[in-house]
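This is what each chain is made of:
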Amino acid sequence: MTYGYMRNASALYQDTSARGSVEGADRHQLTAMLFDGVIDRVNQARGAIRRGDVPAKGTHFARAHAIIGELRGSLDHDQGGQLAGRLDALYDYVSRRMLHAQLNNDERAIDEVVDLLTPVRDAWRQIRDEFLATQQRAPSAAA
C-alpha cells in the first residue's frame, strides 16, 4: 500500500499530532511519539465512525497505517533478532485489525489495537528512562 510518497518518522509525527515538536527528540522519544500518534489517530477514527464522517475516518486510518508502516520499517531484524520479529508480527496484526475496524466500523477492533499498542508505547518510555539513568551513572563511574 502506498500513500503517494514516503515520509520520515519526524514528518509523520508532525502530521499526526500538534501536541509537541520532534526537534531535539531522541530515538526513544520519537518512537514513543509515533505510538502516541497511531493511538491518537485510531481514537480519532473512532470519533469519525461515531459521527458518521466517512472521509475523516479514512484520513485517520490512513495516517495510522502510515505510522505503523514507519514503525515496521524501522525494525532492524539483524540487530533485533526475535524481538524485531515479534514486533513485526504485532505491527502486521495491528494493521489488519485497523483495516477490519475501518471496513466494518468495529470499535472493538479499535479497542484491541489500542490495548495492544499501549504497553509497547509505555515500554519505550521505560526503556528511555532506564537508558538515561545508565548514561548519567556512566560518567561518574569513569571518574
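Refer to the structure presented above.
Each value, and the rule that gives it
- Residues numbered from 1 in each chain as written.
- Predicted model: local features only at pLDDT ≥ 70, side-chain atom pairs only at ≥ 80, totals over all residues.
- Heavy atoms only, no water.
- Core = buried A, V, L, I, M, F, W, Y, C linked by side-chain atoms within 4.5 Å.
- Buried < 20%, exposed > 50% of the residue type's maximum accessible area, 1.4 Å probe, protein only.
- Helix = DSSP H or I, 4+ residues; strand = E, 2+ residues; numbered from the N terminus.
- Contact = heavy atoms within 4.5 Å.
- Expected span 1.5 Å × (residues − 1).

Describe the nonpolar core, with residues and values.
Within the largest apolar cluster, 25 residues are counted, with the highest numbers of intra-cluster contacts made by V38, V42, F61, I68, M98 and L117. Only α2 (27–51), α3 (54–73), α4 (77–104) and α5 (107–142) provide two or more residues apiece to this core. For this core, the element with the highest residue contribution is α2, accounting for 7 residues. Contacts of V38, omitting those with residues within four sequence positions, involve A64, I67, I68, M98 and L117.

Tell me about α2, and please be specific about residues and values.
Taking 1.5 Å as the rise per residue, α2 with 25 residues should run 36 Å; its terminal C-alpha atoms sit 36 Å apart, in good agreement. A large share of α2 lies buried, amounting to 18 of its 25 residues. Phi turns positive, to about 75°, at G52, one or two residues after α2.

Read these as spatial facts, not as claims about activity.
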